[in-house]
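# Structural description and commentary
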Amino acid sequence: MIIGHQQIISQLRHAVGEDHIAGAYLFAGMPNVGKETVAFYFAKSINCLDLVHRPCDNCLACHKINTGNHPDFQVVRPEGKQIKIDQIRQLQRQVVFRPIEGRRKLYIITEANRMNLEAANCLLKTLEEPPAGSVLVLLTSHLDALLPTIRSRCQIISFQPLPIPELVEVLTDRFSLSDDHASSIATLSQGAIGKALSLIEDKSLTVIDQIPEVVTTTDRLSAFRIAEQLGEDLTQLDQLVMWYRDLLLIRQSTSVDLLTHRNHLESLQQIAKHYSRIHLQSAIKAIFETKRLIERNVNATLALEVLVFKLMRTE
């Protein structure tokens, strides 16, 4: 069952029901927001053998798509850091043929923004004249990183994260989490259901719920070690934002109910005394800037070391 995105689901169902399916779609939204889940749903809806309940998730076609064994369905993912021209050429060789079993051939290209320039230009040729029996679904978390010519030839569907209160309700009702636990996960995931489910499955909240060393220490000699630890798991940067956000809310005397880590209230109140609002605002901004730099393949080690020095308080 898909959580959220009901308007998008309705739009895709209508397209399938009326047989008004576009040749190319571009699903855009933050990481783990549900783009790939909906893309699989779309693929099954098109080729499901149950004409009444699409997708039924029980027929042979749905099962083959779920397991990646359907001859008319393929997922193209980056090889290493990029999607390369050879991957797109292989897609082009296949896309021109008629479907073997299904109504249409469907190709999902994940992280489409990671196509190198050659691959992007190669794909453009297919998007200009998409074969009638095929559908391409491009997924991206960075819409602006795609060539404008590619964007213009796709039907763009924007995916939004769930509102935090709505995600909290989902987590408490469907996963039997406590209100505090659900609130922490919902806030840390920034409304992205995929990330929230990952946090539940990995039991990561136990680690996340410890106050990070960089927030409390004044020992600048430890900066390199802290930066190295951050480099081992870059998702910690998102977690850091939540801690500095809590400190900023405390400095602004905001309602305790808005805090992500309410169970650490007393400790955070003491820590917040050592930070100015400007420092906390700058810290949050610096984390986001560092994330963008790393996404652009800047030296991650150096970027994280600079970040840690910016974050650490001086007293």
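Structure's up top.
Not measured: the values here are computed from a predicted model. (Residues numbered from 1 in each chain as written. Predicted model: local features only at pLDDT ≥ 70, side-chain atom pairs only at ≥ 80, totals over all residues. Heavy atoms only, no water.)

Our focus in this paragraph is the environment of Cys-122. Structurally, Cys-122 can be placed in helix α5 (residues 117-128). Overall, Cys-122 belongs to the buried group, its relative accessible area being 8%. Distance from Cys-122 to Ser-134, taken between C-alpha atoms, is 17 Å for residues 12 residues apart in sequence. When near neighbours in sequence (up to four residues on either side) are disregarded, Cys-122 contacts Ile-85, Ile-88, Arg-89 and Gln-92. (Helix = DSSP H or I, 4+ residues; strand = E, 2+ residues; numbered from the N terminus. Buried < 20%, exposed > 50% of the residue type's maximum accessible area, 1.4 Å probe, protein only. Contact = heavy atoms within 4.5 Å.)

The tendency in soluble globular proteins is for nonpolar side chains to be buried as a group. Val-214, Val-215, Leu-240, Tyr-244 and Leu-247 are the most contacted members of the largest nonpolar core, which has 49 residues in total. By residue number, the principal contributor to this core is helix α13 (residues 236-251), which donates 10 residues. The residues contacting Leu-247, other than those within four sequence positions of it, are Val-215, Leu-268, Ile-271, Ala-272, Tyr-275 and Leu-280. One finds Tyr-25, Tyr-41, Phe-73 and Val-137 within the second-largest nonpolar core, a separate group that totals 26 residues. (Core = buried A, V, L, I, M, F, W, Y, C linked by side-chain atoms within 4.5 Å.)

Moving on, we come to α13. Taking 1.5 Å as the rise per residue, α13 with 16 residues should run 22 Å; its terminal C-alpha atoms sit 23 Å apart, in good agreement. Downstream of α13 by a residue or two, Ser-253 has a phi angle that is positive, lying close to 55°. (Expected span 1.5 Å × (residues − 1).)

It is worth spelling out the environment of Asp-219 at this point. For Asp-219, the location among the structural elements is in the loop between α11 (213-216) and α12 (223-232). As for Asp-219 and Met-312, which are separated by 93 residues in sequence, their C-alpha atoms are 8.4 Å apart.

Let's shift gears to the pattern of salt bridges. Within the structure shown, the criterion is met by 12 salt bridges. Asp-238 serves as the salt-bridge partner of Lys-195, at 2.8 Å between the closest nitrogen and oxygen. Of this pair, Lys-195 sits in helix α9 (residues 193-202) while Asp-238 sits in helix α13, and the two are 43 residues apart along the sequence. (Salt bridge = Lys/Arg side-chain N within 4 Å of Asp/Glu carboxyl O.)

In this model, helix α1 (residues 6-17) (12 residues) spans 16 Å end to end at C-alpha, consistent with the 16 Å of a helix rising 1.5 Å per residue. Considering only its buried residues, α1 is in contact with β1 (24-28), α2 (35-47) and β5 (155-158). A positive phi of about 55° marks Asp-19, the residue just after α1.

A separate point is the packing of α12 against helix α16 (residues 300-311). Close contact between α12 and α16 brings their axes to 8 Å; oriented N to C, the two are set at 125°. Judged on the interaxial angle alone, α16 and α12 are oblique. In the crossing of α12 with α16, the sense of the turn from one axis to the other is right-handed. In this structure, α12 uses Ala-223, Phe-224, Ile-226, Ala-227, Leu-230 and Gly-231 to contact α16, whose residues at the interface are Leu-304, Glu-305, Val-308 and Phe-309. Along the lines of polarity and charge, the residues of the contact of α12 with α16 split into 8 nonpolar, 1 polar and 1 charged. (Axes fitted to C-alpha atoms, helices over the stretch in contact; angles between N-to-C directions. Parallel < 35°, antiparallel > 145°, perpendicular 65-115°, else oblique. Left-handed = near helix turned anticlockwise from the far one by under 90°. Nonpolar A, V, L, I, M, F, W, Y, C, P; charged D, E, K, R; others polar.)

The next point concerns the packing of α13 against helix α14 (residues 265-272). Contact pair α13 / α14: the axes reach a minimum separation of 9 Å and the direction vectors enclose 75°. With respect to α14, the element α13 is oriented roughly perpendicular. Side by side, α13 and α14 meet where Trp-243, Asp-246, Leu-247, Ile-250 and Arg-251 of the first sit next to Leu-265, Leu-268, Gln-269, Ile-271 and Ala-272 of the second. Here the contact of α13 with α14 is composed, by residue class, of 7 nonpolar, 1 polar and 2 charged.

To continue, consider unusual backbone geometry. For the peptide bond that leads from Arg-54 to Pro-55, omega is -15°, which places it in the cis range. Tracing the sequence through the fold places Pro-55 in the loop between α2 and α3 (60-67). Of note, the phi angle at Gln-190 is positive, near 60°, even though the residue is not glycine. Structurally, Gln-190 is set in the loop between α8 (179-188) and α9. You can call Gln-190 partly exposed: its relative accessible area is 30%.

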